[in-house]
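# Examination of the molecular architecture
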Amino acid sequence: MAAPESGNTVNVLWTGGWDSTFRVLSLISDHDCIVQPHYIIDRKRWSWKTELATIDRIIERCAQPDHVFKGQLLRPKVEERDAIADDPEMTAKFQELLSRAHLGSQGEWLTRFVKQKGLRGLQFCIHRNDATRSFLAGQVRERPGFPTSVYVLAEGVDPALSIFEDLEFPLLDLTKQEMREIATRKGFLDILELSWFCHRPLRGPATCGTCTPCIDAIAQGMGHRLGWRGHLRYHTLRHLKAALPEDVKRLLRPAVQVLRRSQRAKLLSSAKRLDNRDAAAIPIERKGAPR
Ligand SMILES: [Zn+2]
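All values derive from a computational prediction rather than experimental measurement. For every chain, the first residue of the written sequence is number 1, and numbering continues from 1 onward in sequence order. In view of the model being predicted, local features appear only for residues whose pLDDT reaches at least 70, and side-chain atom pairs are presented and counted only at 80 or more, with totals across whole chains, interfaces and linings using the full set of residues.

Before going further, it helps to spend a moment on the overall build of the protein. Tallying secondary structure elements over the protein gives eleven helices and eight strands in all. Put plainly, a residue is buried at 20 or more neighbouring C-beta atoms within 10 Å of its own, exposed at 12 or fewer, and partly exposed in between, counting only other residues' C-beta atoms, which are placed from the backbone. Taken over 291 residues, the protein has a buried fraction of 31%. Each helix corresponds to a stretch of at least 4 residues labelled H or I by DSSP, and each strand to a stretch of at least 2 residues labelled E; elements are numbered beginning at the N terminus.

Attention shifts here to unusual backbone geometry. Of note, the bond from F146 into P147 is cis; its omega dihedral lies within 30 degrees of zero at -10°. In this structure, P147 sits in the loop between β6 (140-143) and β7 (150-153).

Below, the discussion takes up helix α6 (residues 176-186). Note that an α-helix has 3.6 residues per turn; residues three or four places apart therefore point the same way. When we look at burial in α6, the residues that qualify are K176, M179 and A183. When α6 is viewed along its axis, its buried side chains cluster within an angular range of 55° and face the same direction. In α6, those exposed residues whose orientation departs by more than 90 degrees from the buried face are E181, T184 and R185. Note that contacts rest on C-beta atoms placed from the backbone: two residues are in contact if these are within 7 Å. Buried residues along α6 sit against α1 (18-30) and α7 (189-192). Here, the arc refers to the directions that run from the helix axis to the C-beta atoms.

Looking at the secondary structure, you find Q123 in strand β5 (residues 122-123). Judged by the 24 C-beta atoms lying within 10 Å of it, Q123 is buried. When the C-alpha atoms of Q123 and W14 are compared, they prove to be 9.0 Å apart, with 109 residues separating the residues in sequence.

Right, let's talk about the confidence of the model for the protein for a bit. When the pLDDT values of the protein are averaged, the result is 86; 89% of them are 70 or greater. pLDDT measures the predictor's confidence residue by residue and takes values from 0 up to 100. In this model residues 274-291 is a low-confidence stretch, pLDDT under 50, and it forms 24 contacts with partners more than four residues away in sequence or in other chains.

With that settled, consider the pairing of β6. Note: two strands are recorded as paired if DSSP finds a minimum of 2 bridges between them. Pairing of β6 with β7, which is carried by four bridges, proceeds in the antiparallel orientation. Each bridged residue has a counterpart across the sheet, and for V140 the counterpart in β7 is L153. Connecting β6 to the antiparallel partner β7 that follows it, the hairpin turn spans six residues.

Along the polypeptide, K115 turns up in helix α4 (residues 106-117). On a C-alpha basis, the gap between K115 and D166 in space is 7.2 Å, while along the polypeptide they are 51 residues apart. Look past the residues within four positions of K115 in its chain and what remains in contact with it is D87, M90 and D166.

On to the nonpolar core, then. Any set of buried Ala, Val, Leu, Ile, Met, Phe, Trp, Tyr and Cys residues joined through C-beta atoms within 7 Å is what this text calls a nonpolar core. Core analysis: the biggest nonpolar cluster contains 56 residues, and V24, L25, V35, F124, F169 and L192 have the highest contact counts within it. For this core, the element with the most residues is α1, which contributes six residues. These domain boundaries are the output of an automatic or database domain assignment. Each of two domains, domain 1 (9-176) and domain 2 (197-278), supplies a minimum of three residues to this core. Apart from the residues lying within four places of it in its own chain, the contact partners of F124 are L13, L110, L167 and F169.

With that settled, the discussion passes to the environment of Q95. The residue Q95 is located in helix α3 (residues 88-98) in this model. With 12 C-beta atoms counted inside 10 Å, the residue Q95 sits in the exposed group.

In this section: the packing of α1 against α6. How two helices sit against one another is set out by the angle between their axes and by the gap between those axes. Running from amino to carboxyl end, α1 crosses α6 at an angle of 30°, the nearest separation of the two axes being 11 Å. When the axes of α1 and α6 are compared, the pair comes out roughly parallel. In terms of crossing hand, the pair formed by α1 and α6 is left-handed. Residues W18, F22, L25 and S29 of α1 lie in contact with α6, whose contacting residues are K176, M179, A183 and K186. Only C-alpha atoms enter the line fits that serve as axes; for helices the fit covers just the stretch in contact. Angles between N-to-C directions range over 0 to 180 degrees. Angles are sorted into four bins: roughly parallel if under 35 degrees, roughly antiparallel if over 145, roughly perpendicular if 65 to 115, and oblique for all others. Crossings are assigned a handedness: left-handed for a near helix turned anticlockwise from the far helix by less than a right angle, right-handed for a clockwise turn.

The next point concerns the packing of α3 against α4. α4 packs onto α3 with a crossing angle of 150° between their chain directions and a minimal axis gap of 10 Å. With respect to α4, the element α3 is oriented roughly antiparallel. Classified by chirality, the crossing of α4 by α3 is right-handed. On α4, the residues touching M90, T91 and F94 of α3 are G107, E108, T111, R112 and K115. All residues other than Ala, Val, Leu, Ile, Met, Phe, Trp, Tyr, Cys, Pro, Asp, Glu, Lys and Arg, Gly among them, are scored as polar; the first ten of these are nonpolar and the last four charged. Along the lines of polarity and charge, the residues of the contact of α3 with α4 split into two nonpolar, three polar and three charged.

Structural data, given as structure tokens:
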């Protein structure tokens, strides 16, 4: 496996979401370290451009003089999900885990990516209430390290879980609310609030109020992050669902599925049209430290 860039570099998978943004900000807030984020473009996701723009905005915000950080935050290394080579053995192990309970697809391609890039020790920010955490319960051990201790896979665990063996899990003990409290105490909550979570952002960008992360945000006491458009759509849909009789909902279901399929096809077609030149135009491609 390749060694990290230097002894004080921490590699983090940064999605622009709450958990990984918290980890990145915590590291540079508390430690004299270099944080090298990694972002993987999944062109089948509606939100990837918004996530990259969010990351860019957060990096610029960290460079403003009203925040002083001990560590240094680099611009992310960006990779394409479609460029990650197949690995039937790892995919089979992932499918075995998936047959037992729900597991985000991110875990499948991320673990292939880490293995192929030799990125042993990449930090994957799963929080205490994350679905993936249930797979890791009782299967990890705390390991002291730089600059903080992290959880890693324990010895002799379930063989299917070995796909996670190169990853570190720094946030397994924390809830999103606890992250908020820490960020408030350490003075970077305003930057953490810039993080993105909606899977189907509207122009603006604004949250959709109807995707799973939007609904989860409300359930987890983070509803303020939806903004007025997200709230309006969330409550409209909720009331509509409650008001419509079951047989009307049943009649509407095929139309909703057709609409979703059509939107999906539009997204995939748009993804195909993008060439390498488009990818290079993404602002986040700039390399080097922001300050
Ligand atoms: Zn949403």
